[in-house]
Amino acid sequence: MTTFGDILQNIGDFGIFQKLIICALSFPNIILGFEFACVFFIQSDPERHCNTDWILKADANLTSDEQLNLTVPREHDGSFSRCRMFVPVDWAIGTIREHGLNETTVCQNGWVYCSSLYTATIVTDFDLVCDRANLLQVAQTVMMSGILLGCLLFGPFAESFGRKRAAQIPLVVVLTFTVTTALCPNYLLYLISQFLMGLGYGGFRLNGIILATEWIGASKRAWGACATQLCGAVGQAILAGLIYFVRDWRTSQLITAALLGAIVIYIWFLPESARWLLERGRTEEAKELILKVAAINKRRFSDSLLEKIAIKEPEKKSNFLMLIQSPVLRKYFFAILFTWFSLNVAYYCISFNVGNFGLDIFLTQLIFGLTEIPVHLLCVWQLEALGRRISSISTILSGTILCMLMLAFHQGNSVAVTVLATSGRFIMNWAATICNIYVQELFPTSCRQTASGLGSIASRAGGLIAPLVNMLAMYHWSIPIISYSGLTLVSGGLCFLLPETRGIELPDSFDEAESNRNKKATRKERNSNISDLKSSKL
């Protein structure tokens, strides 16, 4: 029986077609990074004071300084209060000047913002300050909840309806709710739009990687996930420039929507995964696609291989149930699940804290993006040179050490803290990229999408609780760092349970996945068979 790995060797496992599909599925990640603009680029505590225009009824000619002196109390350091005002009274301006006001209250008619880095943010548009300041973390959490649900919904969706549709439909969802987000008149509608946008975001990130990976041979498989992450890093760097020049969050959302519109058009013409078609028993469709790919790669598909493609009956038993019932795969599954979860807790705890490291927020975000670009290029080399297992353990433990070192520096040392946070963040992202590849190589085609989906759910759950972990800083600034560093330390140990999968063909059945360690022994024999087929073709 011919395996799909044999087919890829024959038609080209990393030819023109594979490079085109990687570019097509990776490029959207540059734009998707802009979706985080409205929750990354905010001033958590902008300069402001209560709106006290009520006093202008007593004297419309008051200067701004006079108005503040008469209506806003001062703090102990002499600055005007940001969250309180004097209770409005129906007195003449002379009486107010003579006796003054003493009774204070919370802001009753909104705030007046000044000296802001931005023209408009969700903080200023929806007044997420003072007793509403924690709603900023709620916005971050709601978006991550949508991403999590997107992984949950579109993972099984891809198993039943194909990788192609599961990559296309989420992008349409992202486009639609990026537009509605920009037009939201209030905070509640903003949360709903962000949740639904996150749903599409999670669905595409999950399925785009797998659609690309299933067309690539074992020797270049790392490029499927690394190219996606690389484009995401480029997007993070461009994001800094976008917000620097466009300092209105609504405008940035509309620009993002316009760019996504162009992507949605071309993404609709992507091919399905032939590996998935064969697994579902749709052999004729798979053969047609394989012939097209061979033509694009300028290779002639062997007739002998074509005849050996086995027609499969779709698996009737629950693939997830089979995964859990297997002691070997169950061990791999929960190890990779916890690892992915802990890495994303750390990554997003640092990312959502971008404005609190003490340096210029635009510079910090630019550094975040630029430092990730060489990391993903090095990741490809490391995976092929050292293998998945050693790469995973070394990156996780290195990132953990860098994060823990932040505890050794006082918060006032902004340069040291920013360097350590940036270094720890991109190494955690590096390790997460390895998880993206690992999860696809450990499990068979029939449940690969389900396993990847559940792994992505675990990773998004990490992103979901990250804002809540950051909120622990109200008790002490070191608690969040200790929390996410401890999680990654444990996950680094769990990676010792995982097998090496470098250079091994993706498993198409549960038996192949469970006997993963034995595949290297048969690789020489398989390569010999492929060479014979190539010789016969010539």
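Rules and cut-offs
Residues numbered from 1 in each chain as written. Predicted model: local features only at pLDDT ≥ 70, side-chain atom pairs only at ≥ 80, totals over all residues. Heavy atoms only, no water. Helix = DSSP H or I, 4+ residues; strand = E, 2+ residues; numbered from the N terminus. Buried < 20%, exposed > 50% of the residue type's maximum accessible area, 1.4 Å probe, protein only. Contact = heavy atoms within 4.5 Å. Areas by Shrake-Rupley, 256 points an atom, 1.4 Å probe, with all protein chains shown as cover. Salt bridge = Lys/Arg side-chain N within 4 Å of Asp/Glu carboxyl O. Expected span 1.5 Å × (residues − 1). Patch = residues over 30% accessible without salt bridge, like charges linked within 9 Å, V, L, I, M, F, W, Y side chains within 5 Å. 1 Å grid on protein atoms, 1.4 Å probe; cavity = no way out; pocket = protein on both sides within 12 Å on 5 of 7 lines; lining within 4 Å. Points joined across faces, edges and corners; volume = space filled by probe spheres on them. Axes fitted to C-alpha atoms, helices over the stretch in contact; angles between N-to-C directions. Parallel < 35°, antiparallel > 145°, perpendicular 65-115°, else oblique. pLDDT = per-residue confidence, 0-100. Polar contact = N/O pair within 3.5 Å; in protein donor to acceptor, adjacent residues only side chain to side chain. Core = buried A, V, L, I, M, F, W, Y, C linked by side-chain atoms within 4.5 Å. Disulfide = S-S within 2.5 Å.

So, about the overall build of the protein. Helix and strand counts for the protein come out as 24 helices and 4 strands. Considering the protein as a whole, with its 538 residues, one finds that 56% of them fall into the buried category. Taking the intrachain contacts of the protein between residues at least 6 apart in sequence as the baseline, contacts between residues at least 24 apart amount to 79%. Carbon and sulfur atoms form 62% of the exposed surface of the protein, whose accessible area is close to 21900 Å².

Moving on, we get to the pattern of salt bridges. Following the criterion strictly, the structure yields 7 salt bridges and no others. Taking the shortest distance from any N to any O, the salt bridge between E288 and K292 comes out at 3.7 Å. Placement of the pair is E288 and K292 together in helix 14 (residues 283–296), with a separation of 4 residues, close to one helical turn. Taking the relative accessible area as the measure of exposure, E288 reaches 47% and is therefore partly exposed. Judged by relative accessible area, K292 falls into the partly exposed class, the value being 48%.

Moving on, we get to helix 19 (residues 388–405). Because each turn of an α-helix spans 3.6 residues, side chains separated by three or four positions in sequence point in the same direction. Taking 1.5 Å of rise per residue, the 18 residues of helix 19 would be expected to cover 26 Å, and the 26 Å separating its terminal C-alpha atoms lies within 8% of that figure. Where helix 19 is concerned, the buried positions are R388, S391, S392, I393, T395, I396, G399, T400, L402 and C403. Buried residues belonging to helix 19 abut helix 11 (222–245), helix 17 (327–351), helix 18 (361–386), helix 20 (414–442) and helix 22 (479–494).

This paragraph deals with a nonpolar patch on the surface. A grouping of V172, I265, W268 and F269 is seen on the molecular surface, where their side chains present a nonpolar patch of about 440 Å² in accessible area. Secondary-structure assignment places F269 in the loop between helix 12 (249–267) and helix 13 (274–279). Using a relative accessible area of 68% as the deciding quantity, one classes F269 as exposed.

As enumerated under the stated definition, the model contains 3 cavities of 30 Å³ or more in all. Quantified by volume, the largest cavity comes out at close to 410 Å³. What lines the largest cavity is a set of 30 residues, among which R205, Q229, Y348, N429 and R460 lie closest to the centre. Elements represented by at least two residues in the lining of the largest cavity include exactly helix 3 (28–32), helix 10 (187–213), helix 11, helix 17, helix 20 and helix 21 (445–471). Take the lining of the largest cavity: its biggest share by element is 6 residues, from helix 17.

So, about the packing of helix 1 (residues 4–11) against helix 14. It is at 9 Å that the axes of helix 1 and helix 14 come closest, and there the two elements cross at 30 degrees. It follows from the interaxial angle that helix 1 and helix 14 lie roughly parallel. On helix 14, the residues touching F4, I7 and I11 of helix 1 are I290, V293 and A294.

A separate point is the confidence of the model for the protein. Mean pLDDT for the protein: 83, with 89% of residues reaching 70 or above. The least confident element of the protein is helix 24 (residues 519–537), whose mean pLDDT is 43; the most confident is strand 2 (residues 84–86), at 94. Within the model, the stretch residues 517–538 combines pLDDT values under 50 with 25 contacts to residues more than four positions away or in other chains.

To continue, consider the side chain of R205. By the element assignment, R205 lies in helix 10. On the basis of relative accessibility, which here comes to 15%, the residue R205 falls in the buried class. Among the polar contacts listed, one links the side chain of R205 to the side chain of N29, at a separation of 2.9 Å. When neighbours within four sequence positions are excluded, R205 is seen to be in contact with N29, L32, T228, Q229 and R460.

Before going further, it helps to spend a moment on the nonpolar core. In this structure, I11, I122, Y190, W215, F443 and Y484 are the most contacted members of the largest nonpolar core, which totals 147 residues. Those residues in contact with Y484 that lie beyond four places of it in its chain are V345, A346, C349, I350, C403 and M406.

All of the buried residues in helix 5 (residues 64–71) are Q67, L68, L70 and T71. Residues of helix 5 that are buried in the fold lie against strand 1 (48–50), strand 2 and helix 6 (93–99).

A few words on the state of the cysteines. In this structure the tally under the stated criterion is 2 disulfides. Each sulfur in the disulfide pair C50 and C107 lies 1.7 Å from the other. Where C50 bonds to C107 through sulfur, the torsion about that S-S bond is close to -65 degrees, and the disulfide is left-handed. Note that C50 is positioned in strand 1 and C107 in the loop between strand 3 (104–106) and strand 4 (111–113), a separation of 57 residues in sequence. Each member of the pair, C50 together with C107, is buried. Paired through a disulfide, C83 and C130 show a sulfur-sulfur distance of 2.0 Å. An S-S torsion of about -90 degrees defines the bridge between C83 and C130 as left-handed. Of the two residues, C83 is situated in the loop between helix 5 and strand 2 and C130 in the loop between helix 7 (122–126) and helix 8 (135–161); the sequence distance between them amounts to 47 residues.

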